[in-house]
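Survey of secondary and tertiary structure
One letter stands for each residue in the lines below.
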Amino acid sequence: MVEGAYAKGGRAYSISDVYTNGYPGNVHDGSNANMAVDMYNRYKDDIKLMKNMGFDAYRFSISWSRILPGGKLSLGVNQEGVDYYNDLINTIIDNGIKPYVTLFHWDLPYLLEKEYGGFLSDKIIEDFRDYAELCFWEFGDRVKQYWITINEAWTYCAHGYASRHFPPGHGYFGPENQPKPPNLTPPPAHEQQQAEIFDMLDQQKAENVERILDETLITDEGQNFIPYRGARVEKQTTFVRNNKTVVLKKLMAPPKTQDTEKAKEAYTVARNILLSHAHAVKAYRERFQRLQKGKIGMTNNINWFVPFHDTHRDRRAARRAFDFMLGWFMEPVLTGQYPQNMIDFVPRDRLELFTPEELELLRGSVDFLGINYYTTWYAKHDPHPDANEGYNKDMMVKFKFVKHGVPIGESTVSSWLYIVPWGFNKLLKFINDTFNTTNNLPPIYITENGCDQQNDPMQNPHQACK
């Protein structure tokens with residue numbers, strides 16, 4: 001994300017390089033990460049600045065295709081890439097800062113995507129383990145704190161394969177396909193029975209109240225996908241409330257496709273990511289951890305979800321959104337199994353459960369959990385979501401950020417990000433209360449948090465940091 005130098009020092013293309021350079025329209029302003037902030041060339045000065053600012057830790061990602069240009073150990077190690085990361089780590093430590101190292105931040109070597117489809121194939125598991133072992137061997141004597149195997153697996157799966165707005169963007173290149181007529185899948189039997197009751201009682205009352213309150217207010221239509229970085233705005237409305245300017249944004253829905261085979265891709269990729277993580281952890285624990293004395297875990301991102309109505313169905317929808325985002329990747333590394341909501345709501349031909357051997361490999365495969373939190377959204381039960389077959393439709397949730405004309409928090413430059421600090425507190429309390437008693441929850445570290453501001457090239461650093 002900061003390194004740049006995409007074709008220097010022996011580095012080969014990643015899927016992100018192809019996605020942005022081969023199809024410039026995939027990024028709203030046509031930009032790419034060829035240079036980024038030029039950390040590759042400026043790291044010594046940048047780390048000195050970190051020291052002067054009082055940083056005691058620096059989390060960075062290793063580019064797989066800089067270490068292994070062919071993606072595989074058998075195709076050769078790029079020593080120039082190894083030397084770069086060795087000097088980077090040494091410089092970090094020499095300045096009194098601890099290195100926190102992420103192994104995979106979505107930049108899969110493009111050659112592996114071409115050869116066997118990347119994380120769509122279980123062949124990736126062995127190649128990822130080999131890559132991880134090489135990093136443990138080369139850098140593990142100085143990475144005394146934390147190895148992060150995967151950063152935000154949800155983003156990679158949901159946006160790369162369900163919404164398809166992120167690399168590798170399966171099914172997105174070229175003209176968008178026309179959607180098939182809707183094939184509405186009824187909810188599970190227990191949900192159907194509850195729906196008959198709640199449609200007649202509290203849900204109906206709540207929605208009647210909502211219509212009355214919204215008659216003269218700006219309303220939020222919502223969307224059947226969890227909003228994401230880079231989501232494009234279809235319509236924007238600006239209004240003033242309590243002397244504050246509020247921007248209401250309707251986000252552009254993911255492209256429709258007729259290919260129902262793509263419905264299971266996100267789940268297949270997630271399964272292979274989880275098993276890649278587990279095999280890398282097994283290798284570290286068996287071969288390196290005792291001598292190197294580091295810790296290894298996984299970082300996942302999660303929003304907090306608030307029931308749109310205080311009804312049973314919307315409360316279940318909010319929990320379902322949590323399970324389909326964080327639970328999808330957290331519960332397997334704690335218990336070896338997917339969340340029950342995913343087992344209940346995802347058709348079995350899409351969500352392949354883990355074998356007993358895989359369950360044992362996954363269970364407890366983290367020394368810590370990394371959490372990336374940015375925002376909070378409203379969640380509302382939607383039995384007939386307007387979405388492709390697959391992940392976004394299986395959730396049966398509509399997401400909103402405005403209720404009765406009032407946004408959930410202060411808007412930012414990003415279309416999906418609202419500043420909701422109280423959601424962070426509720427999220428952490430929920431994780432602790434729900435998982436700590438039954439699953440021996442490991443330590444949690446906040447690995448990302450914050451918000452963006454509009455870039456102003458006329459400001460100096462002091463003004464920008466105010």
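As a reminder, the structure under discussion sits directly above these lines.
Residues numbered from 1 in each chain as written. Predicted model: local features only at pLDDT ≥ 70, side-chain atom pairs only at ≥ 80, totals over all residues. Heavy atoms only, no water.

**With respect to a nonpolar patch on the surface**
Nonpolar side chains collect at one region of the surface, where Met 1, Val 2 and Val 37 lie side by side and expose about 310 Å² of accessible area between them. Its place among the elements puts Val 2 in the segment before helix 1 (15-22). Classification of Val 2 as partly exposed rests on a relative accessible area of 34%. (Patch = residues over 30% accessible without salt bridge, like charges linked within 9 Å, V, L, I, M, F, W, Y side chains within 5 Å. Areas by Shrake-Rupley, 256 points an atom, 1.4 Å probe, with all protein chains shown as cover. Salt bridge = Lys/Arg side-chain N within 4 Å of Asp/Glu carboxyl O. Helix = DSSP H or I, 4+ residues; strand = E, 2+ residues; numbered from the N terminus. Buried < 20%, exposed > 50% of the residue type's maximum accessible area, 1.4 Å probe, protein only.)

**Quick word on the pattern of salt bridges**
Tallied over the entire structure, the rule returns 22 salt bridges. A salt bridge links Arg 287 to Glu 133; its shortest N-O distance comes to 2.2 Å. Here Arg 287, found in helix 10 (residues 265-287), pairs with Glu 133, found in helix 6 (residues 123-139); they are 154 residues apart in sequence, far enough to count as distant. On the accessibility criterion, Arg 287 (53% relative accessible area) is exposed. One continuous salt-bridge network, built from bridges that share partners, spans Arg 129, Asp 130, Glu 133 and Arg 287.

**Quick look at the sheet that holds strand 9 (residues 376-381)**
Read from one edge to the other, the open sheet built from three strands follows the order 7-9-10, with strand pairing classed as mixed. Taken across any chain shown, the strands that pair with only one partner, and hence form the sheet edges, are strand 7 (304-307) and strand 10 (397-400). On average, each strand axis in the sheet is tilted by 40 degrees relative to the strand beside it, whichever way the strands run. With four bridges connecting them, strand 7 and strand 9 associate as parallel partners. Within strand 9, the position partnered with Phe 305 by the bridge is Trp 377. Set on the sheet, helix 12 (residues 312-335) makes contact with strand 7, strand 9 and strand 10; between it and strand 9 the angle comes to about 120 degrees. (Pairing = 2+ DSSP bridges. Axes fitted to C-alpha atoms, helices over the stretch in contact; angles between N-to-C directions. Contact = heavy atoms within 4.5 Å.)

**A closer look at the nonpolar core**
Phe 139, Trp 147, Tyr 156, Phe 305, Trp 328 and Tyr 391 are the most contacted members of the largest nonpolar core, which has 113 residues in total. Take this core: its biggest share by element is twelve residues, from helix 12. In this structure Tyr 391 touches Trp 154, Ala 158, Ala 162, Ile 226, Ala 263, Tyr 267, Phe 324, Met 325 and Trp 328, once residues within four positions along its chain are discounted. (Core = buried A, V, L, I, M, F, W, Y, C linked by side-chain atoms within 4.5 Å.)

**Looking at the environment of Ser 65**
Position of Ser 65 among the secondary structure elements: in helix 3 (residues 64-67). Here Ser 65 falls in the buried class, since its relative accessible area comes to 0%. Separated by 59 residues in the primary sequence, Ser 65 and Tyr 6 have C-alpha atoms spaced 9.4 Å apart. Aside from chain neighbours lying at most four places away, what touches Ser 65 is Gly 10, Arg 11, Ala 12, Tyr 13, Ser 14 and Pro 109. A polar contact of 3.0 Å, which involves the side chain of Ser 65, links it to the backbone oxygen of Ala 12. (Polar contact = N/O pair within 3.5 Å; in protein donor to acceptor, adjacent residues only side chain to side chain.)

**Examining the packing of helix 2 (residues 39-52) against helix 4 (residues 79-94)**
The geometry of helix 2 relative to helix 4 is characterised by a closest axis approach of 10 Å and an angle of 15 degrees between their N-to-C directions. Classified by the angle their axes make, helix 2 and helix 4 are roughly parallel. Of the two elements, helix 2 crosses helix 4, and the hand of that crossing is left-handed. Across the interface between the two elements, Met 39, Tyr 40, Tyr 43, Lys 44 and Ile 47 of helix 2 pack against Glu 80, Tyr 84, Asp 87, Leu 88, Thr 91 and Ile 92 of helix 4. Tallied by class, residues from the contact of helix 2 with helix 4 come to seven nonpolar, one polar and three charged. (Parallel < 35°, antiparallel > 145°, perpendicular 65-115°, else oblique. Left-handed = near helix turned anticlockwise from the far one by under 90°. Nonpolar A, V, L, I, M, F, W, Y, C, P; charged D, E, K, R; others polar.)

**Details of the sheet that holds strand 8 (residues 369-372)**
The six strands are arranged 1-2-3-6-8-15 in an open sheet whose pairing can be described as parallel. Of all strands in the sheet, those bounded by a partner on one side alone are strand 1 (57-61) and strand 15 (444-448). Pairs of neighbouring strands in the sheet enclose a mean axial angle of 30 degrees, with direction left out of account. Both strand 8 and strand 15 contribute to a ladder of four bridges, which runs parallel. Paired with Gly 370 across the strands is Tyr 445, a residue of strand 15.

**Topic: helix 2**
At Asp 45, helix 2 shows its largest bend, some 40 degrees. Burial in helix 2 covers these residues: Met 39, Tyr 40, Tyr 43, Ile 47 and Met 50. Close packing links the buried residues of helix 2 with strand 1, helix 3 and helix 4. Just downstream of helix 2, Gly 54 is the residue with a positive phi angle, here 90 degrees. (Bend = angle between axes of the 7 residues up to and from the residue.)

**Concerning unusual backbone geometry**
Omega for the bond connecting Pro 167 with Pro 168 falls within 30 degrees of zero, at 0 degrees, which places this linkage in the cis form. In this structure, Pro 168 sits in the loop between helix 7 (153-162) and helix 8 (189-198). Here the phi dihedral of Arg 164 falls at roughly 65 degrees; this positive angle occurs in a residue that is not glycine.

**Looking at the packing of aromatic side chains**
Summed over all chains, the structure comprises 39 aromatic pairs. An angle of 35 degrees between the planes, with centres 4.6 Å apart, marks the rings of Tyr 40 and Tyr 84 as tilted. Here Tyr 40, found in helix 2, pairs with Tyr 84, found in helix 4; they are 44 residues apart in sequence, far enough to count as distant. The burial state of Tyr 40 is the same as that of Tyr 84; both residues are buried. Centre to centre, the rings of Phe 136 and Trp 147 are 5.1 Å apart; their planes meet at 80 degrees, and the pair counts as edge-to-face. Pair noted here: Phe 136 is in helix 6 and Trp 147 is in strand 3 (residues 146-151), with a separation of eleven residues, a long-range link. For Phe 136, a relative accessible area of 0% translates into the label buried. Through a chain of ring-to-ring contacts, the aromatic side chains of Trp 64, Phe 104, Phe 119, Phe 128, Tyr 131, Tyr 156 and Tyr 161 assemble into a single cluster. Its guanidinium or amino end placed over the ring of Phe 345, Arg 320 lies 4.5 Å from that ring's centre, counting from NZ or CZ. One cation-aromatic arrangement involves Lys 400 over Phe 308; the distance from NZ or CZ to the ring centre is 4.8 Å. (Phe/Tyr/Trp six-rings, centres within 6.5 Å; stacked < 30°, edge-to-face > 60°. Lys NZ or Arg CZ within 6 Å of the ring centre and 35° of its normal.)

**A closer look at the packing of helix 7 against helix 10**
Packed helix pairs are specified by the crossing angle of their axes together with the interaxial distance, meaning the distance between the axes. Two numbers describe how helix 7 lies on helix 10: the axes approach to 8 Å, and their chain directions differ by 150 degrees. Classified by the angle their axes make, helix 7 and helix 10 are roughly antiparallel. The chirality of how helix 7 crosses helix 10 is right-handed. Contacts from Ala 153, Tyr 156, Cys 157, Tyr 161 and Ala 162 of helix 7 reach helix 10 at Glu 265, Ala 266, Val 269, Ala 270 and Ile 273. When the residues that make up the contact of helix 7 with helix 10 are grouped by side-chain class, the tally is nine nonpolar, no polar and one charged.

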